[in-house]
Amino acid sequence: MAETAKTTKTTEVTKYTKEQLRSSKKYRTDVDILGVVLEDDKSYTFEETDKLIKNFKERKVK
């Protein structure tokens, strides 16, 4: 009986601080939004950041 090796692919996702994201060219048009939606002591991926910006822009104004 042949044994098959089971490989697990692990991908490290890079996370950035609030200040790194606010100073990046990618988010230069959303700097003010990032100041509101991101927490100072947390790190975020680009995917998480994009989702937070999208949610902020789509929310209803009271």
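Residues numbered from 1 in each chain as written. Predicted model: local features only at pLDDT ≥ 70, side-chain atom pairs only at ≥ 80, totals over all residues. Heavy atoms only, no water.

Some words on the overall build of the protein chain
Next up, step 1: Along its length, the protein chain carries three helices and two strands.
Next up, step 2: In the protein chain, which comprises 62 residues, the proportion classed as buried is 19%.
Next up, step 3: Here the analysis covers contacts within the protein chain between residues at least 6 apart in sequence; of these, 41% occur between residues at least 24 apart. (Helix = DSSP H or I, 4+ residues; strand = E, 2+ residues; numbered from the N terminus. Buried < 20%, exposed > 50% of the residue type's maximum accessible area, 1.4 Å probe, protein only. Contact = heavy atoms within 4.5 Å.)

Some points on the pattern of salt bridges
Next up, step 1: According to the stated counting rule, one finds four salt bridges in the structure shown.
Next up, step 2: The salt bridge involving Asp50 is made with Lys26; its shortest N-O contact spans 3.9 Å. Remark: Lys26 occurs in the loop between helix H1 (18-22) and helix H2 (31-37) and Asp50 occurs in helix H3 (residues 46-58); sequence separation between them is 24 residues.
Next up, step 3: In this structure, the salt-bridge partner of Asp30 is Lys57, at a minimum N-O distance of 3.2 Å. Here Lys57 lies in helix H3 and Asp30 lies in the loop between H1 and H2, a separation of 27 residues in the sequence.
Next up, step 4: Note on Lys57: relative accessible area 52%, which makes it exposed. (Salt bridge = Lys/Arg side-chain N within 4 Å of Asp/Glu carboxyl O.)

A look at the packing of aromatic side chains
Next up, step 1: Overall, the coordinates contain two aromatic pairs when judged by the stated rule.
Next up, step 2: Ring geometry for Tyr16 against Phe46: centres 4.9 Å apart, planes inclined by 20°, an arrangement best described as stacked. Of this pair, Tyr16 sits in strand S1 (residues 16-17) while Phe46 sits in helix H3, and the two are 30 residues apart along the sequence.
Next up, step 3: You can call Phe46 partly exposed: its relative accessible area is 33%.
Next up, step 4: Joined through ring pairs, the aromatic side chains of Tyr16, Tyr27 and Phe46 make up one cluster. (Phe/Tyr/Trp six-rings, centres within 6.5 Å; stacked < 30°, edge-to-face > 60°.)

Let's talk about the environment of Asp30
Next up, step 1: Relative accessible area serves as the criterion here: at 11%, Asp30 is assigned to the buried category.
Next up, step 2: Between the C-alpha atoms of Asp30 and Ile53, which are 23 residues apart in sequence, the distance is 7.7 Å.
Next up, step 3: If near-sequence neighbours (up to four positions away) are discounted, Asp30 is found in contact with Ile53 and Lys57.

So, the side chain of Thr49
Next up, step 1: Its location among the elements puts Thr49 in helix H3.
Next up, step 2: Judged by relative accessible area, which is 0%, Thr49 ranks as buried.
Next up, step 3: In contact with Thr49, not counting residues within four places along its chain, are Leu21, Tyr27, Leu34 and Tyr44.

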